[in-house]
Amino acid sequence: MTSRQGRPWRIARARLVLPDRVFVGGAVIEGKRIKQIQAGEECPPDAIDFQGDFLLPGLIELHTDNLEKHLLPRAGAAWPALPAMLAHDAQLVAAGITTVLDAMSLGDLEEDGGRIDTLHRALAALDETRSHHLLRCEHYLHLRCELSWPGLLELAAPLVERKDLRLLSLMDHTPGQRQYHDVRQYRTYYSRSGITWSDEEFTAVLEQRRQQQSLHRNLQLAGVMTLARRHGVLVASHDDTDMAHVEEAVLIGARICEFPTTLTAARAARDHGLIVVAGASNLVRGGSHAGNVAAMTLARAGCLNVLSSDYMPTSLLPGAFILHQQAGWALPDAIATVTTTPAAALGFDDRGRLAEGLRADLLRVRMHRDEPVVHSAWVAGRQRL
């Protein structure tokens, strides 16, 4: 069922999840927009009969590095960027994501010489597929700024001028802090990429990374924030671990706290008015793969505003339902973590809710046991799944 060549079309007998309630009814779609929402169990003969399935707004993802898995499906096995982008896009819409910020890394502390080339190939593929209308969902850009990587500012300066840029995140993966507070996690992570060190070599690497941080981090933090203010780009902190991290984020003007690693940091972020993002994958797995605070702990403490699928797109919708089923959140509040709240945070005032006049980014979601399954997806009124 497409947009029926521009003519209005109907949905009936759906369970609509609005920001404040759930009810049985339907919707009329005209062009790219929701023309009408109504309650009732009637099913006109020309309507799509949802048969009690959920009608949800399309999901909004503000941080996924899923594209990287398609660009490098195995260590040393680079994949052509165009088919990688198309596969990534198809996987997103199948997961119910209709608006995405592709998170692209600017720098890597263990740079192998190919990452920057991969970045430029990925951006070229994004531009090409978008200009030729090959994408199913709507893509924007999220630049992940590795503050201790020496080439950051030179690389970032031209990229912040892109019109599709919506978010800059401030990262510092120097071992011994934040995500890698336990340096063994740093060693384990890079061993999966084929980087191995003897004990003596690893001790030298730790010292080198700390010196690199001392030389570059603060200067480049100031430079990135200057670029962000000049171009009006939203800024997020990343992997905040303690009060000092959160206080720095507030001081420089960050608005989002991505993936705090401790409850202490999450509470501080909440108390300072930052939008706290937690991992949907963390919720689905029942805990952090890196040994950080569980997303469920944040949810039950009232320290969670937005879910992000991070490395697994198919976790986003199940994560929202886990908030409802296991954390006791009302369903509209749980769904808001993947729709309404990220839309508002990112300045998308035309989507993220089921409301008359907004974009028809829509999902038909069927429950299988306790699992939500994306049955159909529409982006701006056009069926994409």
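Refer to the structure presented above.
Residues numbered from 1 in each chain as written. Predicted model: local features only at pLDDT ≥ 70, side-chain atom pairs only at ≥ 80, totals over all residues. Heavy atoms only, no water.

S.K.: I keep staring at the overall build of the protein and nothing clicks. Help me out?
M.R.: Per the secondary structure count, the protein includes 13 helices and 16 strands. Taken over the C-alpha trace, the protein has a radius of gyration of 21 Å; the compact-globule value for 385 residues is 21 Å, and the two agree within 12%. Overall, the protein is about 75 × 45 × 40 Å in size when its C-alpha atoms are taken along their principal axes. When each of the 385 residues of the protein is scored for burial, the buried share is 55%. Taking contacts inside the protein between residues at least 6 apart in sequence as the whole, the part at least 24 apart equals 68%. When the accessible surface of the protein is totalled, it reaches about 16600 Å², and 50% of it is carbon and sulfur. (Helix = DSSP H or I, 4+ residues; strand = E, 2+ residues; numbered from the N terminus. Rg over C-alpha atoms; globule rule 2.2 N^0.38 Å. Buried < 20%, exposed > 50% of the residue type's maximum accessible area, 1.4 Å probe, protein only. Contact = heavy atoms within 4.5 Å. Areas by Shrake-Rupley, 256 points an atom, 1.4 Å probe, with all protein chains shown as cover.)

S.K.: Just to check I follow, could you spell out the sheet that holds strand β9 (residues 165–171) for this structure?
M.R.: The eight strands lie next to each other as β6-β7-β8-β9-β10-β11-β12-β13, forming an open sheet whose pairing is parallel. Strands with a single pairing partner mark the edges of an open sheet, and in this sheet they are β6 (59–64) and β13 (306–308). Averaged over all adjacent pairs, the angle separating strand axes in this sheet is 25°, with direction ignored. As judged from the four bridges shared by β6 and strand β7 (residues 97–106), these two strands associate in the parallel manner. Across the sheet, the residue bridging to Ile-60 is Thr-99, located in β7. (Pairing = 2+ DSSP bridges. Axes fitted to C-alpha atoms, helices over the stretch in contact; angles between N-to-C directions.)

S.K.: Help me understand the side chain of Ser-308, please; the structure alone is not making it clear to me.
M.R.: Within the secondary structure, Ser-308 sits in strand β13. Judged by relative accessible area, which is 0%, Ser-308 ranks as buried. Among the polar contacts made by the side chain of Ser-308, one reaches the main-chain carbonyl oxygen of His-63 at a distance of 2.7 Å. Polar contacts involving the side chain of Ser-308 include one to the main-chain amide nitrogen of Asp-310, which spans 3.2 Å. Residues within four places of Ser-308 in sequence aside, it is in contact with Glu-61, Leu-62, His-63, Phe-259, Val-277, Ala-278, Gly-279, Ala-280, Ser-281 and Leu-316. (Polar contact = N/O pair within 3.5 Å; in protein donor to acceptor, adjacent residues only side chain to side chain.)

S.K.: I would appreciate a short explanation of the nonpolar core in the present structure.
M.R.: Side chains that are nonpolar tend, in soluble globular proteins, to be buried together. Of all hydrophobic cores here, the largest spans 43 residues; its most connected members are Leu-106, Leu-143, Leu-152, Leu-168 and Leu-170. Ignoring any residue separated from it by four or fewer positions in sequence, one finds Leu-106 in contact with Leu-119, Leu-143, Arg-144, Cys-145, Glu-146, Trp-149, Leu-152, Leu-155, Ala-156 and Leu-159. (Core = buried A, V, L, I, M, F, W, Y, C linked by side-chain atoms within 4.5 Å.)

S.K.: When you look at the environment of Ala-301 in this model, what are you seeing that I'm missing?
M.R.: With respect to the helices, strands and loops of the structure, Ala-301 is situated in the loop between α10 (295–300) and β13. Residue classification places Ala-301 among the partly exposed positions, given a relative accessible area of 21%. Taking the C-alpha atoms as reference, Ala-301 lies 25 Å from Pro-313; in sequence the two are 12 residues apart. Excluding its chain neighbours within four sequence positions, the residues that come into contact with Ala-301 are Leu-263, Arg-267 and Arg-270.

S.K.: Could you clarify how one ought to interpret the pattern of salt bridges in this entry?
M.R.: Side chains that carry opposite charge are capable of pairing whenever their charged atoms lie near each other. For the structure on display, the rule yields 19 salt bridges. The closest approach of N and O atoms between Glu-68 and Arg-144, which form a salt bridge, is 3.9 Å. Separated by 76 residues along the polypeptide, Glu-68 in helix α1 (residues 66–71) and Arg-144 in strand β8 (residues 138–146) bring together distant segments of the chain. With relative accessibility at 26%, the residue Glu-68 sits in the partly exposed group. Residues Arg-359 and Asp-361 are paired through a salt bridge, measuring 3.1 Å at the closest nitrogen-oxygen approach. A residue is classified by how much of its surface remains accessible, and Arg-359, at 10% relative accessible area, is buried. (Salt bridge = Lys/Arg side-chain N within 4 Å of Asp/Glu carboxyl O.)

S.K.: How should unusual backbone geometry be read in this particular structure?
M.R.: The backbone of His-133 shows a phi angle near 60°, a positive value even though the residue is not glycine. Topologically, His-133 is positioned in the loop between α3 (115–131) and β8. His-133 sits in the exposed class, given a relative accessible area of 67%. The residue Asp-239 is not glycine, and still its phi comes out positive at about 60°. As for its position among the elements, Asp-239 is in the loop between β10 (234–238) and α7 (243–252). On the accessibility criterion, Asp-239 (5% relative accessible area) is buried.

The values are spatial; any link to function lies outside them.
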